[in-house]
Amino acid sequence: QTDGLLGPAAIRELAQQLGLRPTKTLGQNFLHDANTIRRIVRTAELRPDDVVLEVGPGLGSLTLGLLPAAAAVTAVEIDPRLAALLPETVAARRPDLAGRLTVVEADALRVRELPGPPPTALVANLPYNVAVPVLLHLLELLPTLRRALVLVQAEVAERLAAPPGGAAYGVPSVKAAWYGTARRAGNVGRRVFWPEPNVDSGLVALDRHDPPPGDRAATFAVVDAAFAMRRKGLRAALAGWAGSAAAAETRLRAAGIDPSTRGERLSVAEFARLAGTSPVAGA
Ligand code: SAM
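In this report, the structure presented in the accompanying data block is examined. (Residues numbered from 1 in each chain as written. Predicted model: local features only at pLDDT ≥ 70, side-chain atom pairs only at ≥ 80, totals over all residues. Heavy atoms only, no water.)

1. Describing the nonpolar core
If you look at the biggest cluster of nonpolar residues, it comprises 54 residues, and the most contacted ones within it are L122, L138, V152 and L238. With seven residues, helix α5 (residues 131-141) is the largest single contributor of residues to this core. Every residue in contact with L238, bar those within four places of it in the chain, is listed here: V222, A225, A226, A248, L252 and L274. In terms of nonpolar packing, the next biggest core, distinct from the first, is built from 41 residues, I37, L62, L203 and A205 among them. (Core = buried A, V, L, I, M, F, W, Y, C linked by side-chain atoms within 4.5 Å. Buried < 20%, exposed > 50% of the residue type's maximum accessible area, 1.4 Å probe, protein only. Helix = DSSP H or I, 4+ residues; strand = E, 2+ residues; numbered from the N terminus. Contact = heavy atoms within 4.5 Å.)

2. What to know about the pairing of strand β3 (residues 72-77)
β3 sits mainly inside the fold: six of its six residues count as buried. Here β3 shows two buried faces, one formed by A72, T74 and V76 and the other by V73, A75 and E77. Read from strand β2 (residues 51-55) through helix α3 (residues 61-66) to β3, the crossover connection turns out right-handed. With five bridges joining them, β3 and strand β4 (residues 101-105) adopt parallel strand pairing. Residue pairing across strands places A75 opposite V103, the latter belonging to β4. For the handedness criterion, the β-α-β arrangement of β3, helix α4 (residues 80-93) and β4 is classed as right-handed. (Right-handed = clockwise from strand over helix to strand, strands pointing away. Pairing = 2+ DSSP bridges.)

3. Here we look at the site of the ligand
The local shell around the ligand holds 22 residues, among which L31, G56, E77, D107 and N125 are the closest. Here E54 contributes a side-chain N or O atom positioned 3.4 Å from a nitrogen atom of the ligand. The protein chains hide 98% of the 600 Å² of surface that the ligand would expose on its own. The class makeup of the residues in the shell around the ligand is eleven nonpolar, seven polar and four charged. (Near = heavy atom within 4 Å. Polar contact = N/O pair within 3.5 Å; in protein donor to acceptor, adjacent residues only side chain to side chain. Areas by Shrake-Rupley, 256 points an atom, 1.4 Å probe, with all protein chains shown as cover. Nonpolar A, V, L, I, M, F, W, Y, C, P; charged D, E, K, R; others polar.)

4. Some remarks on the pattern of salt bridges
Once their charged atoms are close, side chains differing in charge can pair, the charge on each being opposite to the other. All chains considered together, the criterion is met by 16 salt bridges. When the shortest N-O distance is used, the salt bridge between R216 and E140 registers 3.0 Å. Here E140 lies in helix α5 and R216 lies in helix α8 (residues 216-228), a separation of 76 residues in the sequence. Relative accessible area serves as the criterion here: at 28%, R216 is assigned to the partly exposed category. (Salt bridge = Lys/Arg side-chain N within 4 Å of Asp/Glu carboxyl O.)

As structure tokens, then:
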């Protein structure tokens, strides 16, 4: 590749160099298709002054596509072997852009601060088993993130972007909606990964908006309670959260919500309003 992007042969070579046997627990499925990389980078709509945060750079497939499109890339990788190899790969393939890259060896779920200028965009092919918690953690930790473009399992993409009312709407949809407006931004088949996963993937773009008025932790607590028993009406589903079904009903009515409604019909703003009602004395 003239642009330094990694194709199947380069991916095999790098993996061999490390003696790497990709692990499922870390969601190690590496992109080896330059066209997919270009499409992801295009879809991210980066500005030249963007500071990109990439989670799980792996062998560098996406990193090499992001570097020409941004001012800087901070890549957080949990696997020490991959974190150590990445600067070498970039220096070998794009020496002109190597100065833009900072590699941090860390668990993205546990990072509390990052070196360098605050990231403005998250672009990542996320490890599948922790995709939603990683996304939510980073949106909470880094208010400077203006947008996120993440590649996740197709089913998770559908959930993240689901509007209230449908079967796909659930905890990830509501929590993501706290931070921004999410939409599906394309499908990615399983064949562009090595090793090939058992499921297809989807891109989700999230544009940050102001959160609804209210307390985030309190709102997320009532969301978790509502969807733990998603087949029940909210009066029953929220009995534990409110102290009793009667207390749940009082609080639902105070928030202007029909107590027989199910959680899957409520918007994040309604959950926030419900969380803000006062607990009923003696409930
Ligand atoms: N970005 C590369 C690509 O597209 O080819 C690799 C993506 S692969 C789906 C996920 C990557 O995330 C792997 O490199 C894996 O080691 C890394 N990873 C897994 N869990 C992580 C975590 N908690 N924090 C940071 N990186 C993690």
